[in-house]
Amino acid sequence: MDKVVTWRRGGYSRRVNLSTWLRLAAALVLTVLVMLGSLSLGKVILSPLEVIRILFSSQDASLTLIVEQLRFPRIVLAALVGAALSVSGLILQSIIRNPLASPDLLGITSGASAAAVLYLSFLSATLGQQFLPLAAMLGAALATLAIYLLAWKQGTSPLRLVLIGVGVSAMLTAATTFILVFSPLTTTLSAYVWLTGSVYGASWPEPLALASWLLGICPLLVLLARQVMVQQLDDNLAQGIGVRVQWLRAGLLLVSVALAGAAIAWGGAIAFVGLIAPHIAKRLVAPGFAGQAVMAALIGANLVMLADLVGRTLFLPLDLPAGIFVAVLGTPFFLYLLIKQRH
Amino acid sequence: MSPGVKLCSAGVVLLLCCVLSLAVGATWIPLPQIAAAFVHPDPLSINHVLVTTTRLSRTLMAIFVGASLAVAGALMQALTRNPLASPGLFGINAGATFFIILFSSIFSLSSPDAWLWSAFIGAGVAGCLVWLIGNMGQGSLSPLRIVLAGAAIAALFSAFSQALLVVNQDGLDTVLFWMAGSLTERSLSTAAPLLLCAVLGLAGALLLAGQLNVLNAGEEIATGLGQRTGLIRLLMSVLVICLAGSAVALAGSIGFIGLLVPHMVRKGLSIDHRWLLPGCALLGAIVLLLADTLSRVLILPQEVPVGVMTALFGAPFFILLARRGGRYG
Amino acid sequence: MRLSLGALALRFSAPAWAEAGAAPLRVITLFQGATDCAVMLGVTPCGVVDSWSEKPTYRYLRAALEQVPHVGLETQPSLEDIALLKPDLIVASHFRHERIFPLLKQIAPVLMLEEVFEFKKTLAMMGAALHQQQRADEILNRWQQRVAQLCQQLQQTFAGRWPPTVSILDIREDHIRSYLPASFPGSVLTELGFNWSDSSREASGVSIKLTSKESLAVVNADIFFVFLRAQNAAVQRNYESLVQHPLWKQMRAPQQGQVWQVDGVAWSLSGGMLGANLMLDDVARVAAAQVAS
């Protein structure tokens, strides 16, 4: 039996599972180690101690540049993108009540991709690349809104959401392919890299912008977090307990889309993080949304950081998009989990 | 109207669509010339040559690809007893495409035979994976579970395809158009093995039609009636891979035909597979012919990839179906 | 001597980093056209990006760039490699490298060009930045002279039929691209005085993609300049099936025997002054062949 402590303060009470906290702490330590490791590796291999020295006192100009301006923002961006996508996936899996749901399914990824490719092919010549994240988020929001409205028939059911999500995604993917095929080849290449998901060339303003978005979404998430577990019950049962099911579902969907949309806007269409990381988190941590969410965030962060590390060190001087390796690293893990779960 | 009469009228419509496909293109070729091209071919007349080479090969490919995809979809829906099964939705198209890209870029194989085999392997791998994942855990094969499994596998293989293309940027331009589904002319001689495969698959499916009815009645009833369900299932899976694989090897990834045509035929014709399968073949051919004809003229002188057409028109249909379908819940 | 060079540099409002009498600059070129122009100016870059084909360097540049390290792809150069090479100047393109511009700026001063295929502008600006202003001027003058000379030669050769219409065709594995006047090869041919068909003039963009042989009539012109994208079997097969197609044989250029195969690298991939000069070589060859036939 896990040791559980109940913490009460005025009208607020919380059950704290000590083993969960221990594991979360371990995951946090792992994340820091991975970050340190990523900072040390690359074209120039430094030892972690050197990295710490460079961070606190800059001596060699080009090494400082490499560590502080080239590697660090990229790693932080990768971590934030991974964390946001995993939490988004976790929420979606509970809304859809199915462990195979992910942001890729509900039109978020395809909406953002269609908008991004449209922007890169036609508007980036005049407006520059600075509004790309905005376009991507707009695309994700519109696609999800369309799916939600189309799925609305005196309320939404998980099955209808998924089916219509698949249909709308297919349309958007077709539109994206269409634009890709007819845009000049030169834009096609950069659009394709974006579609695979990459944190190449990130400079400090980008992770900071993403972080501020995520911080903005956090309050809503915390507010709804307590009710996520109830959401997984049958609709009628939940209503019987007094939960306003439709509002809750809409609210959670909004949070999920906001998280995933922001992550995709800055990191490109990285797939699978939202699918794989929640699974791994659920196996490591006892049920309870808060614990699972933090664990999923940490695992997602590590996954994308590692994928980016592999992409930029293994094929030097080529710098391959992180998205490729998320799929490569995550899939065997995923299949292993699924097959194990059969028995 | 009896099913037989309906099938015959569908056949007539198919013939008309063929003629339309032969007539439409960058230049409109009038009917008498089309007839003359087959009866008294004049090697010096451009129109005659166009009709007998370029347009004929396109028309034939559209017919066989459309028929294969529709029949594959019907078979999958019977196999999994899931009204949402289809080669596109279940990642089989994506798997076949990925393996073709893999073998043609890594091993530089570019003959149609090589493509056929890689497409088969890809379709088989994807199908197995979806089956495995969809069957995971406890509970029955609910439509939701297997749709999600299929979407996950499709996304997986597209991600891998994209990965390969990012690394091998040279081939990107060529493969991109084909990946979106394209019926651009291929000489009939090179496409022959693929077409043969499609024909064999269709024939096999029609032969199995009676058995499918029995299988659909339910597991216990079928075994009770003496049917070897395991063997039938295996044969069906092989046929699906054969049909879907040859369709992808011929024309790239074309979605929604395998999903929607069986539904339309079930509604309009009969759920008896002995009528359903031929009906699917005919209607699938008609739909793809019309889509291809439209894609040729929409943005002259360039062409819309036909997979984009079927998605843009098929998806709203699908959404409508999903909204209406309470019986999938 | 150094002072006069410096004075020249200053006269053309040299950027802040250009000191009078500086040592040869370590420059990294991040797109094909810049590499090409650097070599033409006699400057060997200390780092270049991979070529699009004939990897890792185009054959016509291999001798000049033998020992030069590569810093990755034009679309995604490796920033760490660039930083470690400690360059004095980076030549990049707004079109490709807008996103990494803030990072590049921190490594070294950046000469940012708008596009990747404006070879004359690239040459002039690189000349100014690399203290090779005089040389750049010489090259540009020589270009003008060559173009004028070739123009005259072509007018004489074609006499009454001047100016003929042209089409530039890029043969790929399963489709054909036709380059429009706004493209790199298109602009050179326009400079030489060639004419374009109505459909080419009206179309927008840099190229059009023809996937169906039925649309071949769109590229009908008096002269075809053709190149094969890659030297593999599939492209060969596509070209052979193309020339045997009746619609092809019906067009003016094949009928008049004016289908000329040229070097694809120079015509569509180089984007630089050397490549443009190689284009002129090809056109001169065609003009000479006209006289012979």
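Residues numbered from 1 in each chain as written. Chains lettered and ligands numbered in written order. Predicted model: local features only at pLDDT ≥ 70, side-chain atom pairs only at ≥ 80, totals over all residues.

### Focus on the confidence of the model for chain C
Low pLDDT means the predicted coordinates in that region are not meant to be read closely. Residue and element names in this part refer to chain C. For clarity, the cut-off: Values of pLDDT, ranging from 0 to 100, describe the predictor's confidence in every residue of the model. Two residues qualify as a contact pair if the distance between their C-beta atoms, derived from the backbone, is within 7 Å.
Mean pLDDT over chain C works out to 82, with 91% of the residues at or above the 70 mark. In the predicted structure, residues 1-21 sits below a pLDDT of 50 and forms 20 contacts with residues beyond four places in sequence or in another chain. As scored by the predictor, the complex reaches a pTM of 0.81 and an ipTM of 0.77.

### Focus on the nonpolar core
We apply this condition: In plain words, the nonpolar core is the set of buried Ala, Val, Leu, Ile, Met, Phe, Trp, Tyr and Cys residues that C-beta atoms within 7 Å link up. For every residue, the other C-beta atoms within 10 Å of its own C-beta are counted; 20 or more classify it as buried, 12 or fewer as exposed, and values in between as partly exposed. C-beta atoms are placed from the backbone. Boundaries between domains were set according to an automatic or database domain assignment.
The biggest cluster of nonpolar side chains holds 316 residues, and the ones touching the most others in it are Val304 of chain A together with Val71 of chain B. Of the residues that make up this core, three or more belong to each of domain 1 (5-131) and domain 2 (158-292) of chain C. Every residue in contact with Val71 of chain B, bar those within four places of it in the chain, is listed here: Leu202, Ala205, Leu243, Leu277, Cys280, Ala281 and Gly284 of chain B.

### Focus on the interface of chain C and chain A
The test is simple: Strands here are runs of E lasting at least two residues and helices are runs of H or I lasting at least four, both read from the DSSP assignment and numbered beginning at the N terminus. Amino acids are sorted into nonpolar (Ala, Val, Leu, Ile, Met, Phe, Trp, Tyr, Cys and Pro), charged (Asp, Glu, Lys and Arg) and polar (every other residue, Gly among them).
Of the residues lining the interface, 22 residues belong to chain C; the matching set on chain A comes to 21 residues. Counting residues per element, the ones that place at least two in the side of chain C that touches chain A are helix H4 (79-84) and helix H6 (101-107) of chain C. Element by element, the count of residues in the side of chain C that touches chain A is highest for H4 of chain C, at five residues. When its residues are assigned to classes, the side of chain C that touches chain A shows ten nonpolar, seven polar and five charged.

### What to know about the sheet that holds strand S3 (residues 89-93) of chain C
Residues and elements named next belong to chain C. Let me state the cut-off plainly: For two strands to count as paired, DSSP must find a minimum of two bridges between them.
Spatially, S2-S1-S3-S4 is the arrangement adopted by the four strands of the open sheet, whose pairing is parallel. Each end of this open sheet is capped by a strand with a single partner; those strands are strand S2 (47-48) and strand S4 (110-113). Bridging between strand S1 (residues 27-29) and S3 involves three bridges; their strand directions are parallel. Along S3, the bridge assignment pairs Thr29 with Val91.

### Description of the interface of chain B and chain A
Each side of the interface is counted separately: chain B has 42 residues, and chain A has 43 residues. For the side of chain B that touches chain A, the secondary-structure elements that each account for two or more residues are helix H5 (112-134), helix H6 (143-167), helix H7 (172-179) and helix H13 (306-324) of chain B. Here the side of chain B that touches chain A takes 16 residues from H6 of chain B, the largest share from any one element. Among the residues forming the side of chain B that touches chain A, the class breakdown is 32 nonpolar, seven polar and three charged.

### Quick notes on the domain arrangement of chain C
Residue and element names in this part refer to chain C. Taken domain by domain, chain C comprises domain 1 (5-131) and domain 2 (158-292). Domain 1 and domain 2 are separated by 30 Å when their C-alpha centres are compared. Of the residues lining the interface, 17 residues belong to domain 1; the matching set on domain 2 comes to twelve residues. At the level of secondary structure, the elements contributing two or more residues to the side of domain 1 that touches domain 2 comprise helix H2 (32-40) and helix H7 (119-129). The greatest single-element share of the side of domain 1 that touches domain 2, amounting to seven residues, is contributed by H2. Residues of the side of domain 1 that touches domain 2, tallied by class, amount to ten nonpolar, five polar and two charged.

### Let's talk about the packing of helix H8 (residues 188-216) of chain B against helix H12 (residues 273-297) of chain B
All names here are of chain B. Worth spelling out the cut-off: To obtain an axis, a line is fitted to C-alpha atoms, over the contacting stretch when the element is a helix, and the angle between two such axes runs from 0 to 180 degrees between their N-to-C directions. If an angle is under 35 degrees, it is roughly parallel; if it is over 145, roughly antiparallel; if it lies from 65 to 115, roughly perpendicular; otherwise it is oblique. Here a crossing is called left-handed whenever its near helix is offset anticlockwise from the far helix by less than a right angle, and right-handed whenever the offset is clockwise.
The geometry of H8 relative to H12 is characterised by a closest axis approach of 8 Å and an angle of 150° between their N-to-C directions. Considered as vectors, H8 and H12 are oriented roughly antiparallel to each other. Here H8 runs over H12; the crossing is right-handed. In contact with Leu202, Ala205, Leu206, Ala209, Gly210, Leu212 and Asn213 of H8, H12 contributes His273, Arg274, Leu277, Pro278 and Ala281. Grouping the amino acids of the contact of H8 with H12 by side-chain chemistry returns eight nonpolar, three polar and one charged.

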